[in-house]
Amino acid sequence: MKKILSLILSSVLCASCAACFAGCGSDSGSKTENKGEVNVYNWDEYISDGENDLKNVIEEFEEETGIKVNYTTYSTNEELYNKLKNSNDSYDVVVPSDYMISKLIREKMLLELNFDNIPNYKYINKRFKNLSCDPDGKYTVCYNWGVTAMVYDKTKVKTKPTSWDALWDKNLKGDILMINNSRDAMAIAMQTLGIDPSKCTKADIDKASKKLKEQKPLLKKYVMDQVFNDMEGGQAAIAPYYAGDIAMMMEENSNLDYALPSDGSNLFYDGFCIPTCSKNKENAEAFINFMHKPEIAAENCKYLRYGCPNDEAVKLLPDDIKNSELSFPSDKYLDKCYVFSDVDDDVYAYMQDQFVKIQAD
Amino acid sequence: MKTRKLTIPYIIWMLVFTMIPIVMIGITAFTDKSGNFSLANFQSAFHYSGVFTKSLLIALISTAICLVVAYPLAYMMTRMKKSTQNTVIMLIMIPMWMNFLLRIYAWVILLQKNGPIDSALSMLGIHGTYIGNTAAVIAGMVYEYLPFMVLPIYTVMSKIDNGLIEAAQDLGSNNAAVFGKVVFPLSIPGIISGITMVFVPSASTFLVSQYLGGTDDIMIGDVIDKIFWTDQNTGSAISLVMMVFIFIFLVIMNLFGDEEAIA
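Since we're looking at a predicted model, the values are computed, not measured.

Thresholds applied
Residues numbered from 1 in each chain as written. Chains lettered and ligands numbered in written order. Predicted model: local features only at pLDDT ≥ 70, side-chain atom pairs only at ≥ 80, totals over all residues. Helix = DSSP H or I, 4+ residues; strand = E, 2+ residues; numbered from the N terminus. Contact = placed C-beta atoms within 7 Å. Nonpolar A, V, L, I, M, F, W, Y, C, P; charged D, E, K, R; others polar. Domains from an automatic or database assignment. Pairing = 2+ DSSP bridges.

J.: Can you walk me through the environment of A:Pro275 in this structure?
T.: Residues and elements named next belong to chain A. Mapping Pro275 onto the fold places it in the loop between strand S9 (267–272) and helix H9 (281–291). The sequence separation of Pro275 and Glu112 amounts to 163 residues, and the corresponding C-alpha distance is 9.1 Å. Every residue in contact with Pro275, bar those within four places of it in the chain, is listed here: Leu84, Tyr91, Val94, Met109 and Leu110.

J.: Explain the interface of chain A and chain B here, please?
T.: Many analyses report the size of an interface as the accessible area lost when the parts associate. Between chain A and chain B, the residue contacts involve 18 residues of the former and 18 residues of the latter. Going through the elements one at a time, strand S6 (219–223), helix H7 (226–232) and helix H14 (345–360) of chain A are the ones with two or more residues in the side of chain A that touches chain B. Take the side of chain A that touches chain B: its biggest share by element is eight residues, from H14(A). Of the residues that constitute the side of chain A that touches chain B, the class distribution is six nonpolar, six polar and six charged.

J.: Would you mind going over the domain arrangement of chain A with me for this structure?
T.: Residues and elements named next belong to chain A. Domain parsing of chain A yields domain 1 (35–139 + 268–329) and domain 2 (147–266 + 338–360). Look at where the C-alpha atoms of domain 1 and domain 2 centre, and you get two points 26 Å apart. Listed as interface residues are 14 residues of domain 1 and, on the opposing side, 14 residues of domain 2. Per-element tally for the side of domain 1 that touches domain 2: the top contributor is helix H4 (residues 98–106), with four residues. A class-by-class count of the residues in the side of domain 1 that touches domain 2 yields seven nonpolar, four polar and three charged.

J.: How should the sheet that holds strand S3 (residues 93–94) of chain A be read in this particular structure?
T.: Adjacent strands of a sheet form backbone hydrogen bonds with each other and so pair up, either parallel or antiparallel. All names here are of chain A. Overall, parallel pairing links the three strands, which are arranged S2-S1-S3 in an open sheet. Because the sheet does not close on itself, it has two edges, and the strands there are strand S2 (68–74) and S3. Pairing geometry for strand S1 (residues 37–43) and S3, over two bridges, is parallel. Within S3, the residue paired with Val40 across the bridge is Val93.

J.: What's the story with the environment of A:Gly66 in this structure? I'm lost.
T.: Mapped onto the secondary structure, A:Gly66 falls in the loop between helix H2 (57–65) and S2. In sequence terms A:Gly66 and A:Gly36 are 30 residues apart; their C-alpha atoms lie 7.9 Å from each other.

So this is what it looks like as structure tokens:
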């Protein structure tokens, strides 16, 4: 008897849940008129989602346009590439980084944008139009940009570092974190050797690998996301990472400070693109346009702390972000930076292979 | 006939999600980037034999520790009152309701500098680092996989007929003899499935070492993960070698089990 009763109770529970879902579904359908949908495939935590009293920009977009957003995320450019190349899923907006944009254009996997549908493109700073990966500016609208910098703990590193050499400092043995990403790690090593990473060859990669092997005994760990926990928790002295993320770490731990290598750094950017598998191109363009409405772009920048290419949005930012040398390095500094855009597939594969070997040996 | 029809969904499932992927890994492992037959991938895979051996070693140590901890616990559980048994099982299961990554993160916080363990030991005058080494990786793995060892052993042991134990006692066996001659031999199937369920996932695990280990503790799972970014062929070759090793291990385990069961 007891069993039957619990069975009935649980089925009632299930039914009510299902009814609720169905109810919710039809509710939102009637509220906004049906303008179709847009499938957005973006980096993890790469959009203002309503946290910290900021706007939830996806909801704002849905309310304003009536277009439903199907939002999914990835964590590496390679994951994005494999999904576009090998799956049947359709995406309308993707946000690859510079080198991946070159690769996607080269393999004819992106659609040309219709800029008539993206009037807010006029707010984009000249520097971030016609990017080196898309010289004619036909396929991309820059979303964010930034530089690679160092974050260090003032209690452990007494003088502000001025070059990547600080990551090879023997006095900090066991307290250094290194970025766990072949491109960024190799680029840092190449810069210390005076090699221009944007024109690197396999021989340059060998030299950089040697340099990274020298560094390995000094390291505490190779990290990506764990850098937040380790630096904020005072577990390590110094680490290279992306400027926007360093700004966030500094908010959590007042002992942290940033350092930009004086001879320039890696300038990277991520851009909105529409892949050839898109089925809702106009909605995708509406989404891209919305993301560059100055007040929306400003919300995203406040949330992400990456550089914002939208001039009007920058004007809306609070002074401490706008004037931060970390989030918005001067034009003079940016001129010294290099863009690590496209390297040949086999050079990149070699780089990745060497980097794994450094860690495995 | 009827029973065979009922297995169709599973057979389809296995075909689509197990057999086809394994065949695809096999094909990828034996071809180069342009799709021609090649053995070069295994040559590149050979470079990682050091990592490979270390991963198997870490997995073996973790499995052994799990067994040593889990076996007495499972035995004691079968001696408890039925209601207590359920509570203990519950306590073993509860951590598994949480996400794997969160549990590893909890270990990071536990072991890190100025974390609870470090602070407590520092007060006693013991200073050291507890994270960033192989021992931390093993600790994390034991924690992660212990329930997979306890539960199969417990299930098998709790099914041992009490009559057999009583018969042994009636025939003059003391407690040690009852355990050695009755309980242990009958629990071997549980031990074997426990070892399998711990060893196989821990040999191929990734992320645990990235979170708890140092620069030298990279495991084969991490290598495969990274290699796959740009080189699916070598990645597949390493995976295939891994599968062969695990398969051999399982075969040996089963042989061992059968013999013991007969004896």
